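If you want the building blocks of each chain, they are given just below.
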Amino acid sequence: MSERADVVIVGGGVVGSSAAWHLRQDGFTGRIVIVERDHTYARASSWLAMGGIRQQFCTPVTVQMVQFSVRLWKVFDRELGTAEARPRAWFRQRGYLFLANAAAATALMKRYEEERRAGAVVQMLSVDEVRQIVPDVKLDDILFGVLGPEDGYADPREVLFGFRRAVEAGGTEYRVDEVVGIDRAGGRVTGVKLASGGAISSAMVVNAAGALAGRVAAMAGLRVPIEPVRQMMFRCVLPGRWPYRFPMLIDPDGVHWRHDDPVGPDDRDAIILAFTNWKEQAGENFESDTARWTRDFYPAMVRRLPALKDVTDVTGWPGLYEMTPDHNPVLGPHPALEGLIFANGFSGHGLMMSPATGKIVSELVRLGRSTTFDIAIFAPDRFDRGALVHDAATI
Ligand SMILES: Cc1cc2nc3c(=O)[nH]c(=O)nc-3n(C[C@H](O)[C@H](O)[C@H](O)COP(=O)(O)OP(=O)(O)OC[C@H]3O[C@@H](n4cnc5c(N)ncnc54)[C@H](O)[C@@H]3O)c2cc1C
């Protein structure tokens, strides 16, 4: 007789874990099994992310999802603590500060208006006001800044293990295995097949497989365009303790960085940088393109802040974004298959809104619909219908 569960969650990253945590918080008592193929999370996006959290988006539901999430980020360390451990996700609300030069000004101004209309807390700053936040940044070509004062960043690994430990403490199992098949009968999901040879029957399966979510959809016979796209990150040590803390600072050319504050007495002041390569080909590419440091990261960073020319101890790592054609998430059930819930496709923004995503999954499982957020625009079949979502605020 095959094993049974009320819900199987494919993928135990921040999304799958937040879903399980919210289900329990909301009083769900059914059996949940999270199937996670790699307990080291070495290639999980949640492990490799930058940790940026911003509500500067142009789509009202996205803004609402981040605002909901920020309420948890503010109390995460306390709320997710267990008898054994307390996470140190350390949400630092230092803002996201976009800089506008002449080439970027019109688009950023338009985006600022759209973001305000969408309900985001966002402010236009004069160059003098920008200077007060980042005094030594070169601003001679800058016309204004746009600041999300409630935005900031957290430590992704602490978020991941904070969720995971709290879920495990609540009695939910993380199964080390790989889902290799999704069973269906009569237009609805009936369970999953595992690489170990086992199977779990369940009327509800959540696809939280991150960059591999397209592959999991295909196991159920569905084509949903979620593709892995490599994103390089770098960390470097600052030349001495920096006199102030960086917000997430976004140069008009695209390079952006945040502080990686010292935690222990021997840690040095550091920053973490990202700089999207828009020409990156889709694919499960984990080759570290460290040449990008000297080619584009370092020159762009030093152009903006010459005092960073003496940074040391540079390390780089690749991770995979879970990209959709419109760079927006895929959320909710697929109309062609009852019982398969999509929670993926975040295109590089999934950590910041993972609390809201967990809440959405919890409502879909328990109530059959999302009541806190109107997620209709993110439906998994929107690509087939040509109903793409346009949001100018992806970086
Ligand atoms: C370099 C980088 C920087 C980023 N920066 C930010 C940022 O600043 N802010 C932000 O909000 N987001 C950021 N993101 C995006 C964010 O990390 C992701 O959106 C988020 O972590 C997605 O969480 P997840 O749980 O869906 O995916 P993951 O963390 O990838 O977890 C999915 C899990 O599913 C497992 N899995 C996959 N297939 C199967 C299967 N068939 N069977 C069993 N298990 C399976 C995998 O092993 C994996 O552990 C960044 C991503 C990268 C790569």
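Residues numbered from 1 in each chain as written. Predicted model: local features only at pLDDT ≥ 70, side-chain atom pairs only at ≥ 80, totals over all residues.

We now examine the site of the ligand. Around the ligand sit 41 residues, and of these Gly-11, Gly-13, Gly-210, Gly-319 and Gly-350 come closest. Residue assignment for the shell around the ligand shows that the elements contributing at least two residues are α1 (14–25), β3 (32–36), α2 (45–48), β14 (227–237) and β18 (312–323). Class assignment of the residues belonging to the shell around the ligand gives a composition of 21 nonpolar, 15 polar and 5 charged. (Near = placed C-beta within 6 Å. Helix = DSSP H or I, 4+ residues; strand = E, 2+ residues; numbered from the N terminus. Nonpolar A, V, L, I, M, F, W, Y, C, P; charged D, E, K, R; others polar.)

Okay, the sheet that holds strand β15 (residues 248–250) next. Pairing is mixed in the open sheet, where 8 strands are placed in the order β6-β7-β5-β15-β16-β17-β14-β18. Of all the strands in the sheet, the pair left with one neighbour each is β6 (123–125) and β18. Strand-to-strand twist across the sheet, computed as the mean angle between neighbouring axes with direction ignored, equals 25°. With 3 bridges connecting them, β6 and strand β7 (residues 142–148) associate as antiparallel partners. Within the sheet, the bridge partner assigned to Gln-123 lies in β7 and is Leu-147. Running at roughly 130° to strand β5 (residues 96–101), helix α4 (residues 102–117) makes contact with β5, β6 and β7 of the sheet. Along the sheet, helix α8 (residues 291–304) makes contact with β14, β16 (256–260), β17 (270–274) and β18, crossing β14 at roughly 60°. (Pairing = 2+ DSSP bridges. Axes fitted to C-alpha atoms, helices over the stretch in contact; angles between N-to-C directions. Contact = placed C-beta atoms within 7 Å.)

Our focus in this paragraph is the domain arrangement of the protein. Accessible area lost on assembly of the parts is the figure often given for the size of an interface. Segmentation of the protein into domains returns domain 1 (3–84 + 156–226 + 326–385) and domain 2 (96–151 + 228–321). On a C-alpha basis, the centroid separation for the pair domain 1 and domain 2 is 29 Å. Each partner contributes residues to the interface: domain 1 has 20 residues there, and domain 2 has 24 residues. Examining the composition of the side of domain 1 that touches domain 2, we find that 4 residues originate from one element, helix α3 (residues 60–79), more than from any other. Split into classes, the residues belonging to the side of domain 1 that touches domain 2 amount to 10 nonpolar, 8 polar and 2 charged. (Domains from an automatic or database assignment.)

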